Amino acid sequence: MTLTTINIEEVKTCTDAALEALQHELRELNHQIWSNPELAYQEHRAHDTICDFLEGQGFAVTRHAYGLDTSFQAVSGTGGRLVNFNAEYDALPGIGHACGHNLIATSSIAAFLALSFAIRKFNVPGRAQLLGTPAEENGGGKAKLIDAGAYKHVDVSLMA
C-alpha cells in the first residue's frame, strides 16, 4: 500500500478500534499513575508501570533512558520522519496529580499506540517515539533529556 492509496477513513476506523480494544488497560494505567503520585525523579512506580504495559503490547522499551533513572523510551516503525510523544507522570508535593500528568501520560501513550498501529498496519514509512519525561513539576526533566540528545532526530514533538 502506498501513501496515495491509503484511505484516511480506514486509518481512523482501524486506529479507533485498536484504541477501543485497549480502553480498559489504558484506564487502569491512568488510575495506577494517579493513585500513586510520585515527585520529581522519584517516579519509579509510574516508570515501571508504563514500561511493563508497553512491553506487554510488544514494544521494546529502553528503561532508565538517557541517563535518567525514571525516564524511558519506546520507538516503533522504520525510516521516514520521527514523531515524538512526551509522557509526563510526576506529581506536585502535597497535592498529587493536580496538573493532570497522569492524563498527559495516558494521552501520549494512546497517541503513540495509535500512530504505531497505523505505521505497522498500513506499512507507512516513519517512526513514533514515546519518551518518558520525568521531573516536569520541579527538576527540569525535559531540559536534561534535551542535553542528553533525546530529541536530536525528532521531526515533531507532541504532548496534550
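Every value quoted in this text rests on a predicted model; they were computed, and no experiment measured them. (Residues numbered from 1 in each chain as written. Predicted model: local features only at pLDDT ≥ 70, side-chain atom pairs only at ≥ 80, totals over all residues. Heavy atoms only, no water.)

Quick notes on the nonpolar core
Side chains of a nonpolar character, in soluble globular proteins, are inclined to be buried together. Counting 25 residues, the largest nonpolar core has Ile-50, Leu-54, Phe-72, Ile-109 and Phe-112 as the members making the most contacts within it. Those elements that place two or more of their residues in this core are helix H2 (23–35), helix H3 (44–56), strand E2 (72–78), strand E3 (82–87), helix H4 (101–121) and strand E4 (126–132). At six residues, the largest contribution of residues to this core is made by H4. In this view, Ile-109 contacts Leu-26, Leu-29, Ile-50, Phe-53, Leu-54 and Leu-130; residues no more than four positions away in its chain are not counted. (Core = buried A, V, L, I, M, F, W, Y, C linked by side-chain atoms within 4.5 Å. Buried < 20%, exposed > 50% of the residue type's maximum accessible area, 1.4 Å probe, protein only. Helix = DSSP H or I, 4+ residues; strand = E, 2+ residues; numbered from the N terminus. Contact = heavy atoms within 4.5 Å.)

Some words on helix H1 (residues 8–21)
For the α-helix, the turn length of 3.6 residues means that residues three or four positions removed from each other point alike. For H1, with 14 residues, the first-to-last C-alpha span of 20 Å sits near the 20 Å given by 1.5 Å per residue. For H1, the complete set of buried residues consists of Val-11, Cys-14 and Thr-15. Projected down its long axis, H1 shows its buried positions confined to an angular sector of 95°, all on one face. Residues of H1 that are exposed and point more than 90 degrees away from the buried face comprise Thr-13 and Glu-20. (Expected span 1.5 Å × (residues − 1). Arc of directions from axis to C-beta.)

As for the side chain of Thr-70
Residue placement: Thr-70 occurs in the loop between strand E1 (61–63) and E2. By relative accessible area, which is 1% here, Thr-70 ends up buried. Ignoring anything within four residues of it in the chain, the contact list for Thr-70 reads Tyr-41, Gln-42, Glu-43, His-44, His-47, Tyr-89 and Pro-134.

Some thoughts on the side chain of Glu-88
Positionally, Glu-88 belongs in the loop between E3 and H4. Glu-88 sits in the buried class, given a relative accessible area of 5%. With residues up to four places along the chain from it excluded, the contact list for Glu-88 reads His-101, Asn-102, Ile-104, Ala-105, Thr-133, Glu-136, Lys-142 and Met-159.

A short note on the sheet that holds E2
Read across the open sheet, the five strands follow the order E1-E2-E4-E3-E5; overall the sheet is mixed. With one partner strand each, in any of the chains shown, E1 and strand E5 (156–158) form the two edges of the open sheet. Across the sheet, the mean angle from the axis of one strand to that of its neighbour is 20°, orientation sign disregarded. Pairing geometry for E1 and E2, over three bridges, is antiparallel. Residue pairing for E2: Val-61 is matched across the bridge by Ala-74. (Pairing = 2+ DSSP bridges. Axes fitted to C-alpha atoms, helices over the stretch in contact; angles between N-to-C directions.)

Comments concerning the pattern of salt bridges
Between side chains of opposite charge, a pair can form when the charged atoms approach closely. This model, assessed by the stated rule, comprises seven salt bridges. Its salt-bridge partner being Arg-63, residue Asp-48 comes within 3.4 Å of it at the nearest N-O pair. You can see Asp-48 sitting in helix H3 and its partner Arg-63 sitting in strand E1, a full 15 residues away along the chain. Here Arg-63 makes a salt bridge to Asp-52, at a shortest N to O gap of 2.5 Å. Note that Arg-63 is positioned in strand E1 and Asp-52 in helix H3, a separation of 11 residues in sequence. Given the relative accessible area of 26%, Arg-63 is considered partly exposed. A single network of salt bridges, built from pairs that share partners, joins Asp-48, Asp-52, Glu-55 and Arg-63. (Salt bridge = Lys/Arg side-chain N within 4 Å of Asp/Glu carboxyl O.)

Description of the environment of Met-159
Locating Met-159 in the fold gives a position in the segment after E5. Residue Met-159 is classed as partly exposed on the basis of its relative accessible area of 40%. Each C-alpha atom of the pair Met-159 and Ala-105 lies 8.7 Å from the other, and the pair is 54 residues apart in sequence.

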